[in-house]
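Read off the chains here:
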Amino acid sequence: MDVGAKEFEESLPLLQELVQESDFVGLDIEFTGLRSNLSGPQQISLFDLPSEWYLKTRQSVQQFTICQIGLSMFSAIEGEANKYVAHSCNFFLFPTTFGILDSEFSFQASSVQFLNQYGFNYNKFLKNGIPYMNEEQEKKIRHDILSGNWRVRSSLDKDQIKVVIDEVTRWLDLAKEGDWMTLPGIAGFQAFEVQLVLRQALHNIWTVLKDDGVVVKKVSKQHRWYLQSTSCDRESCWKENILLSAKGFSVFFHMLVKAQKPLVGHNMMMDLLYLHEKFFRPLPESYDQFKQNIHSLFPVLIDTKNVTKDIWKEMNFPRVSSLSEVYEVLNSDLNPTKNSGPEIVHAISCEKYVETKCPHEAAYDAFLCGSVLLKVAHLLLQKVHRIDPVPESTFPQYLDVLAPYVNQVNLIRAGVPKINFSGPDYPSIRPPILILSVKRWPGVSEQQVYQKFQNLCKFDVRRLTRSQFLLLTNKFKDARNILKEYRSHPTLRVSLYRYWRHSPDVNCLLQVCGIMTAWALLAFILGRSGP
């Protein structure tokens, strides 16, 4: 089901009900870009601590925005053993433009090409995107709206407002009290905005929002005063409605948070960063504060990338590189529990996914996340019970066997493979750091070192001294191969990095200590040889 700005407010009660009744929610997000084209030390690297990775990635999240978010609400069907129905929704989003709020964001050419390749509808994103804002933006807008200190901008610009006022004014000159006219094609919070402007500019009219647009009625000043005083349409309540409409998808985000359902994604670290920045609060500078905030918003996170990595090694499944490939393997005869695992059906509104594969459409990928979770959980449960089929499999049982993976989110290209959102991060299990000592290659750069080794294996490279470089890979096999090939190389010698032996800081400290010891010894000798 595709949901844009026009359909969103009507769909909100149903969406709230679906979330509240679900067992868990699958999530996927599409962005206008992934990473800023940062160079040198600002590029993410296997050398990065989680806090360093976070600070670098934070810049990209602030630069780009969300264009589509997919949610798939999975619910066990009552009375049917181990059968689930998935309600999958695509939400096209576009930042709120209201009053002083006028967001800036970037597009990355590669991301646009990627989404184009999979048929992304940019018209729905740009023309019918649901507005949204974070809590900090909401506070500013609330203050401006409730205090009356706001001005028209972007959503309905000054020229459009002037046209509307001129049209109504011309009509008023000829109209009698009780006559009315309709301004068609105005909906959402823009309808509230134009009514507020008209009521402030013209004191002998009243406005009402109908299905076909904004209805303007000519009234006496006494009748206007009476209408303003009625409890059902006071201006203060009305301004609250403007704010509610301007918040858009953020209203549903807070419903999702309040429901406290397990949130399931695949490689979901970037998704969590964007959820925090765009709907909750601007990302803090503190990495630990970010982790605490996410854990308070979503106490149960499950990253299917993290879960499937372990299962794939144990089951000897073929190598895969995408979520859709993971899903295909788990639905094939390679999965020993294929016929006994959970049955998953699409809700009526999402039946296009029954026959059509839509990779990188957010709702479809959110559905894949949830399906992969259920199938992998069933595999784990079968291992525990050592029988197949497992009698009376339930989602609480699945959560029990998934406990070691809860709140462990996969981290791409960093010093640790995953982040723990419910406690301290685990120590690195990456291969050891290697040190490259270069001879007879003056002025060699990090990029040249990378290019030298890229055909054999891919390393992240960091300069240590003028002629020494640190090499780090995430594959033990690559580290062993490079050590074997270059341990005794005449000009490019590779060995294991030892901090106490190779660190320039330690070497400097040892040299200073050596000099001080020599001076102390010399002073001692000279002191003894004196009169």
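Structure: above.
Being a predicted model, the structure only gives us computed values, none of them experimental. (Residues numbered from 1 in each chain as written. Predicted model: local features only at pLDDT ≥ 70, side-chain atom pairs only at ≥ 80, totals over all residues. Heavy atoms only, no water.)

Draft legend 1. Molecular detail of the packing of aromatic side chains. Following the criterion strictly, the structure yields 29 aromatic pairs and no others. When the ring of Phe24 is compared with that of Phe74, the centres are 4.8 Å apart and the planes differ by 10°; the resulting orientation is stacked. Of this pair, Phe24 sits in strand β2 (residues 24–31) while Phe74 sits in strand β3 (residues 66–76), and the two are 50 residues apart along the sequence. Assessed through its relative accessible area of 0%, Phe74 is described here as buried. When the ring of Phe253 is compared with that of Phe279, the centres are 5.3 Å apart and the planes differ by 35°; the resulting orientation is tilted. Here the residue Phe253 occupies a position in helix α10 (residues 249–259), and Phe279 occupies one in helix α11 (residues 269–280), the gap between them amounting to 26 residues. With respect to class, Phe253 is no different from Phe279; both count as buried. (Phe/Tyr/Trp six-rings, centres within 6.5 Å; stacked < 30°, edge-to-face > 60°. Helix = DSSP H or I, 4+ residues; strand = E, 2+ residues; numbered from the N terminus. Buried < 20%, exposed > 50% of the residue type's maximum accessible area, 1.4 Å probe, protein only.)

Draft legend 2. Focus on the pairing of β2. Among the 8 residues of β2, 8 are classified as buried, and the element is accordingly described as predominantly covered. Side chains Phe24, Gly26, Asp28 and Glu30 of β2 all project onto a buried face; the interleaved residues Val25, Leu27, Ile29 and Phe31 project onto the opposite face, where all are buried too. Note: β2 against β3, 8 bridges, orientation antiparallel. Across the sheet, the residue bridging to Asp28 is Gly70, located in β3. Pairing geometry for β2 and strand β10 (residues 263–265), over 2 bridges, is parallel. Residue pairing in the sheet places Val25 in a bridge with Leu263 of β10. (Pairing = 2+ DSSP bridges.)

Draft legend 3. Highlighting a positive patch on the surface. A grouping of Arg319, Lys458, Lys475, Lys477 and Arg480 is seen on the molecular surface, where their side chains present a positively charged patch. Along the chain, the position of Arg319 falls in the loop between α13 (304–315) and α14 (323–330). (Patch = residues over 30% accessible without salt bridge, like charges linked within 9 Å, V, L, I, M, F, W, Y side chains within 5 Å. Areas by Shrake-Rupley, 256 points an atom, 1.4 Å probe, with all protein chains shown as cover. Salt bridge = Lys/Arg side-chain N within 4 Å of Asp/Glu carboxyl O. Lys, Arg positive; Asp, Glu negative; His and termini not counted. Charge placed at Lys NZ, Arg CZ, Asp CG, Glu CD.)

Draft legend 4. Summary view of a negative patch on the surface. Together, Glu7, Glu9, Glu10, Asp211 and Asp212 give the surface a local cluster of negative charge. With respect to the helices and strands, Asp211 occurs in the loop between β8 (205–210) and β9 (213–218).

Draft legend 5. Focus on the pattern of salt bridges. A full pass over the atoms with the stated rule returns 14 salt bridges. In this structure, Glu80 and Lys83 form a salt bridge, with 3.4 Å as the shortest nitrogen-oxygen distance. A relative accessible area of 38% places Glu80 in the partly exposed class. Since its relative accessible area comes to 17%, Lys83 is described here as buried. We note a salt bridge from Lys357 to Glu328, for which the minimum N-O separation is 3.2 Å. With Lys357 in the loop between α15 (352–355) and α16 (362–385) and Glu328 in helix α14, this residue pair connects regions lying 29 residues apart in the sequence. One salt-bridge network, held together by shared partners, links Asp48, Lys56 and Arg462.

Draft legend 6. Just empty space enclosed by the protein, in detail. The final tally for this structure, using the stated rule, is 1 cavity of 30 Å³ or more. One number sums up the size of the largest cavity: a volume of about 30 Å³. Lining of the largest cavity is provided by Leu330, Asn335, Thr337, Lys338, Gly341, Pro342 and Lys375. (1 Å grid on protein atoms, 1.4 Å probe; cavity = no way out; pocket = protein on both sides within 12 Å on 5 of 7 lines; lining within 4 Å. Points joined across faces, edges and corners; volume = space filled by probe spheres on them.)

Draft legend 7. Expanded view of the packing of helix α2 (residues 50–63) against α11. Interaxial distance between α2 and α11 falls to 10 Å at its minimum, and their mutual angle equals 60°. Here α11 runs oblique to α2, going by the angle between their axes. At the point where α2 passes α11, the crossing takes the right-handed sense. Note on element contacts: α11 touches α2 through Met269, Met270, Leu273, Tyr274, Glu277 and Lys278, opposite Trp53, Tyr54, Thr57, Ser60, Val61 and Gln62. The class makeup of the residues in the contact of α2 with α11 is 7 nonpolar, 3 polar and 2 charged. (Axes fitted to C-alpha atoms, helices over the stretch in contact; angles between N-to-C directions. Parallel < 35°, antiparallel > 145°, perpendicular 65-115°, else oblique. Left-handed = near helix turned anticlockwise from the far one by under 90°. Contact = heavy atoms within 4.5 Å. Nonpolar A, V, L, I, M, F, W, Y, C, P; charged D, E, K, R; others polar.)

Draft legend 8. Layout of the sheet that holds β8. Strand order in the open sheet formed by 3 strands is β7-β9-β8, and the pairing between neighbours is antiparallel. Each having just a single partner strand, β7 (180–184) and β8 make up the two edges of the open sheet. Strand-to-strand, the axes of this sheet are offset by a mean angle of 25°, without reference to chain direction. Relative to β9, β8 is paired through 6 bridges, and the arrangement is antiparallel. Its bridge partner lying in β9, Lys210 is registered against Gly213.

Draft legend 9. Spatial organisation of the environment of Leu18. When you line up the elements, Leu18 lands in helix α1 (residues 5–21). With 57 residues separating them in the primary sequence, Leu18 and Ser75 have C-alpha atoms 8.5 Å apart. Sequence-distant contacts of Leu18, defined by excluding residues within four places in its chain, comprise Met73 and His87.

Draft legend 10. Fine view of unusual backbone geometry. Here the phi dihedral of Gln260 falls at roughly 55°; this positive angle occurs in a residue that is not glycine. Here Gln260 is to be found in the loop between α10 and β10. Phi angles above zero are rare outside glycine, and Arg440 is one such case at about 55°. Judged by its relative accessible area of 69%, Arg440 falls in the exposed class.

Draft legend 11. Summary view of the packing of α11 against helix α12 (residues 287–297). Between α11 and α12, the shortest axis-to-axis distance is 11 Å and the interhelical angle comes to 85°. Our classification of the angle between α11 and α12 gives roughly perpendicular. For the pair formed by α11 and α12, the contact residues are Met269, Leu272, Leu273, His276 and Phe280 on the first element and Phe290, Asn293, Ile294 and Leu297 on the second. Counted by class, the contact of α11 with α12 contains 7 nonpolar, 2 polar and no charged residues.

Draft legend 12. Focus on the environment of Ser88. Along the polypeptide, Ser88 turns up in strand β4 (residues 83–92). Separated by 276 residues in the primary sequence, Ser88 and Tyr364 place their C-alpha atoms 7.1 Å from one another. The residues touching Ser88, leaving out its near neighbours within four places in the chain, are Met1, Leu71, Ser72, Cys350, Tyr353, Ala363 and Phe367. At 2.8 Å, the side chain of Ser88 forms a polar contact with the side chain of Ser72. (Polar contact = N/O pair within 3.5 Å; in protein donor to acceptor, adjacent residues only side chain to side chain.)

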